[in-house]
Amino acid sequence: MLAQFAVLLGIAGLLIVGMFVYPRWRVRRAVHKAFPLAYSAILRRDLPQYRHLAPDLQWQLKKRIQQFLFEKTFVGCAGLEVTDQMRVLIAARACMLLLNRETEVYPGLSHILIYPSVFVVPREFRTEDGLTVESRQVLSGESWSDGRVLLAWDQVMPPEGQIPGHDVVMHEFAHQLDGEDGVVDGAPDLGSQQRYQVWSRVMRDCYRRHAQMLAHGEHSTIDAYGQTNAAEFFAVSTETFFTNPHGLSMEFPDLFRLLRQFYHVDPREWAGS
Ligand SMILES: [Zn+2]
């Protein structure tokens, strides 16, 4: 009886090691390796914010990138060959959203599918009469709740350069963060009821003001696509927060403060004036 119990205990121990301890150990080992010099060169050349980050944030970013590259699978679509530049830059932009935060590296995400250019996906929507209509939508990126993100490489790295306020990688990974609490609704996991109340008040007010500005033909720092719904407003605000922080803080100071609290960074420190 005692021998059987000991055998069961041994099997349980092996299962725990196999399921939890060994995977964690493998991740730790990957993260503790030296960051390849070729990857650092890619960051310095192609990620404008990188050179202006404080050394501690550069270090954090590199560790997150290593974990991201270890855990996620990149797939080239429509004949695209995935390069280190693609892997490192997509991981870097995604991990900019995780700096200074106590979090895993997109635990629900497994695959990044990269297309050479914008891609077409079939869509179904219901009309007011209840009819189901099929259409085709052209996309530069898309975030799925089954663990996949789709990206068009020429939108990640536009040949004409990045436009302030636009970053398709940050946009799609904001959707991933949003979905970590089980629903993509414009509010990521905030931890407390009080924080949800503040979040929804600020987001709602800014969403309305943004819509009013557009309705009156005024220019808004936040892209018009943010008007689509609450989830898109959060994703587009995230792009603006990281790539046009001065513009956002001047035009929507409450929203800027809210995102600064959530992301635990102030991108104005890296963006110059
Ligand atoms: Zn979106």
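Residues numbered from 1 in each chain as written. Predicted model: local features only at pLDDT ≥ 70, side-chain atom pairs only at ≥ 80, totals over all residues. Heavy atoms only, no water.

By the naming in an unreviewed UniProt entry, the protein is Zinc-dependent peptidase, taken from Undibacterium squillarum.

Participant: Looking at this structure, how should I read the domain arrangement of the protein?
Facilitator: Accessible area lost upon the coming together of the parts serves often as the stated size of an interface. The domain boundaries assigned to the protein delineate domain 1 (9–159) and domain 2 (162–273). Centre-to-centre separation of domain 1 and domain 2, based on C-alpha positions: 20 Å. Taken together, the contact between domain 1 and domain 2 spans 30 residues of the former and 21 residues of the latter. Summed over both sides, the interface of domain 1 with domain 2 buries roughly 2,200 Å², with 66% coming from carbon and sulfur. (Domains from an automatic or database assignment. Contact = heavy atoms within 4.5 Å. Buried area = accessible area lost by both parts, 1.4 Å probe.)

Participant: Help me out: how do you make sense of the packing of aromatic side chains in this one?
Facilitator: How two aromatic rings sit relative to each other is given by the distance of their centres and the angle of their planes. Taken as a whole, this structure holds 16 aromatic pairs when the rule is applied. Here the aromatic rings of Phe68 and Phe74 are separated by 6.1 Å at their centres, their planes lie at 50°, and the arrangement is tilted. Phe74 matches Phe68 in its accessibility class, with the two residues each being buried. Centroid distance Trp199 to Phe234: 5.6 Å. Interplanar angle 65°. Geometry classified as edge-to-face. With Trp199 in helix 7 (residues 193–215) and Phe234 in helix 8 (residues 230–243), this pair connects stretches of sequence that are 35 residues apart. By relative accessible area, which is 4% here, Trp199 ends up buried. Joined through ring pairs, the aromatic side chains of Trp199, Phe234, Phe241, Phe242, Phe256, Phe262, Tyr263 and Trp270 make up one cluster. (Phe/Tyr/Trp six-rings, centres within 6.5 Å; stacked < 30°, edge-to-face > 60°. Buried < 20%, exposed > 50% of the residue type's maximum accessible area, 1.4 Å probe, protein only. Helix = DSSP H or I, 4+ residues; strand = E, 2+ residues; numbered from the N terminus.)

Participant: Honestly, unusual backbone geometry in this entry has me stumped. Any pointers?
Facilitator: Most of the time, phi is negative for any residue but glycine, and the peptide bond is trans. Residues other than glycine seldom take positive phi values, yet Tyr106 does so here, at roughly 45°. You can see Tyr106 is positioned in the loop between helix 4 (84–95) and strand 2 (111–115). When its relative accessible area of 1% is taken as the criterion, Tyr106 is described as buried.

Participant: Is there a simple way to explain helix 3 (residues 55–71) in this structure?
Facilitator: The end-to-end C-alpha distance of helix 3 is 25 Å, a good match for the 24 Å that 17 residues give at a rise of 1.5 Å each. Judged by how many residues are buried, helix 3 sits mostly within the fold: 12 of 17 residues are covered. Within helix 3 the residues assigned to the buried category are Leu57, Gln58, Gln60, Leu61, Lys62, Lys63, Arg64, Ile65, Gln66, Gln67, Phe68 and Leu69. (Expected span 1.5 Å × (residues − 1).)

Participant: Teacher, can you tell me more about the layout of surface pockets here?
Facilitator: Space left empty within the atom packing is revealed by a probe, the size of a water molecule, rolled over the atoms. If you add up the space inside the largest pocket, you get close to 580 Å³. Along the walls of the largest pocket sit 25 residues, with Ser140, Val168, His171, Glu172 and Tyr225 positioned nearest its centre. For the lining of the largest pocket, the secondary-structure elements that each account for two or more residues are strand 4 (132–139), strand 5 (141–143), helix 5 (153–156), helix 6 (168–178) and helix 8. With four residues, helix 6 is the largest single contributor of residues to the lining of the largest pocket. Two domains each provide a minimum of three residues to the lining of the largest pocket, namely domain 1 (9–159) and domain 2 (162–273). Reported here for the second largest pocket is a volume of approximately 400 Å³. What lines the second largest pocket is a set of 16 residues, among which Val31, Lys63, Arg64, Gln67 and Thr103 lie closest to the centre. At the level of elements, helix 1 (2–32) and helix 3 are the ones that each hand at least two residues to the lining of the second largest pocket. Its residues assigned to classes, the lining of the second largest pocket shows four nonpolar, five polar and seven charged. (1 Å grid on protein atoms, 1.4 Å probe; cavity = no way out; pocket = protein on both sides within 12 Å on 5 of 7 lines; lining within 4 Å. Points joined across faces, edges and corners; volume = space filled by probe spheres on them. Nonpolar A, V, L, I, M, F, W, Y, C, P; charged D, E, K, R; others polar.)

Participant: Honestly, the pairing of strand 4 in this entry has me stumped. Any pointers?
Facilitator: As a general feature of sheets, a regular strand has side chains that alternate between the two faces. The pairing of strand 3 (residues 119–126) with strand 4 spans eight bridges and is classified as antiparallel. Bridge pairing links Pro122 to Arg136 in strand 4. Counted between consecutive antiparallel strands, the loop separating strand 3 from strand 4 contains five residues, among which Gly130 sits at a positive phi close to 90°. (Pairing = 2+ DSSP bridges.)

Participant: Where do I start with the sheet that holds strand 2 in this structure?
Facilitator: Whenever strands of a sheet pair, they do so through backbone hydrogen bonds, lying parallel or antiparallel. Across the sheet, which stays open at both edges, the four strands sit in the order 1-2-6-5 with mixed pairing between neighbours. Each edge of the open sheet carries a strand with a single partner, namely strand 1 (73–76) and strand 5. When the angles between neighbouring strand axes are averaged without regard to direction, this sheet yields 15°. The strands touched by helix 6 within the sheet are strand 2, strand 5 and strand 6 (148–152), with strand 6 carrying the most contacts at an inclination of about 165°. (Axes fitted to C-alpha atoms, helices over the stretch in contact; angles between N-to-C directions.)

Participant: Is there a simple way to think about a nonpolar patch on the surface in this case?
Facilitator: On the surface, a nonpolar cluster with roughly 290 Å² of combined accessible area is contributed by Val7, Leu8 and Ile11. Checked against the element boundaries, Ile11 lands in helix 1. (Patch = residues over 30% accessible without salt bridge, like charges linked within 9 Å, V, L, I, M, F, W, Y side chains within 5 Å. Areas by Shrake-Rupley, 256 points an atom, 1.4 Å probe, with all protein chains shown as cover. Salt bridge = Lys/Arg side-chain N within 4 Å of Asp/Glu carboxyl O.)

Participant: Where do I start with the side chain of His175 in this structure?
Facilitator: Relative to the assigned elements, His175 resides in helix 6. Overall, His175 belongs to the buried group, its relative accessible area being 9%.

Participant: In this structure, what is going on with the nonpolar core? I would like to understand it.
Facilitator: Within soluble globular proteins, side chains that are nonpolar generally end up buried alongside one another. Formed by 65 residues in total, the largest nonpolar core has its most connected members in Phe68, Tyr106, Phe173 and Tyr263. Here this core takes eight residues from helix 4, the largest share from any one element. For this core, the domains that each give at least three residues are domain 1 (9–159) and domain 2 (162–273). Ignoring anything within four residues of it in the chain, the contact list for Phe173 reads Phe68, Ala94, Leu97, Tyr106, Leu109, Ile112 and Val149. Counting seven residues, the second largest nonpolar core, distinct from the first, contains Cys77, Leu113, Val121 and Ala152. (Core = buried A, V, L, I, M, F, W, Y, C linked by side-chain atoms within 4.5 Å.)

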